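Residue-level structural notes
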Amino acid sequence: QVRLVESGGGLVQAGGSLRLSCAFSGGTFSNYAMGWFRRAPGKEREFVAARRYTGSVPSYSDSVKGRFAISRDNAKNTVYLQMNSLKPEDTAVYYCAAGGSMATTAPTYPHWGQGTQVTVSS
């Protein structure tokens, strides 16, 4: 089965940066679009960013556009989320997801990691 393992979360002050990593295994990486979602306590998972294996422009939510960047190292079967200018409202568990096509809705991604906590303090 496809497995996704996130890492890189932590506690940062507002204005700081973090780089999240998602390691993919158990499948063919090139078959999957990759996405990042986040979930604050008591709220639904929210789309953050996504991109195809290759050859397309990444997609971002309006709330993170210009601050976050998604990238893939296909040789390492790894996807990253570079987060800059972090705000307290970015505090959430961040999840990596893999699906058959790039999308902005969580139900379209069948494979999910367990998440990594990002906490941004004021």
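Above this text is the structure in question.
Residues numbered from 1 in each chain as written. Predicted model: local features only at pLDDT ≥ 70, side-chain atom pairs only at ≥ 80, totals over all residues. Heavy atoms only, no water.

Comments concerning the pattern of salt bridges
Cut-off, in case you're wondering: We define a salt bridge as a side-chain nitrogen of Lys or Arg found within 4 Å of a carboxyl oxygen belonging to Asp or Glu. The classification of residues rests on relative accessible area computed with a 1.4 Å probe and restricted to protein chains. Under 20% of the type maximum is buried, over 50% is exposed, and intermediate values are partly exposed. Numbered from the N terminus, helices here are DSSP runs of H or I no shorter than four residues, and strands are runs of E no shorter than two.
Using the criterion set out here, one finds four salt bridges in the structure. Residue E46 pairs with R38 through a salt bridge whose shortest N-O separation is 2.9 Å. Classification of E46 by relative accessible area gives partly exposed; the value is 35%. Taking the relative accessible area as the measure of exposure, R38 reaches 6% and is therefore buried. Across the pair R38 and D90 runs a salt bridge, and its minimum N-O distance is 2.8 Å. Here D90 lies in the loop between β8 (78-83) and β9 (92-99) and R38 lies in strand β4 (residues 33-39), a separation of 52 residues in the sequence. Both residues of the pair, R38 and D90, count as buried. Several salt bridges share partner residues, and in doing so they unite R38, E46, R67 and D90 into one network.

Quick word on unusual backbone geometry
Positive phi values are uncommon outside glycine, yet N77 reaches one of about 50°. Inspection of the secondary structure assignment puts N77 in the loop between β7 (68-73) and β8. One non-glycine residue, S85, lies in positive phi territory at about 50°. Tracing the backbone through its elements, the reader meets S85 in the loop between β8 and β9. Since its relative accessible area comes to 41%, S85 is described here as partly exposed.

Just geometry here; none of it tells us what the structure is for.
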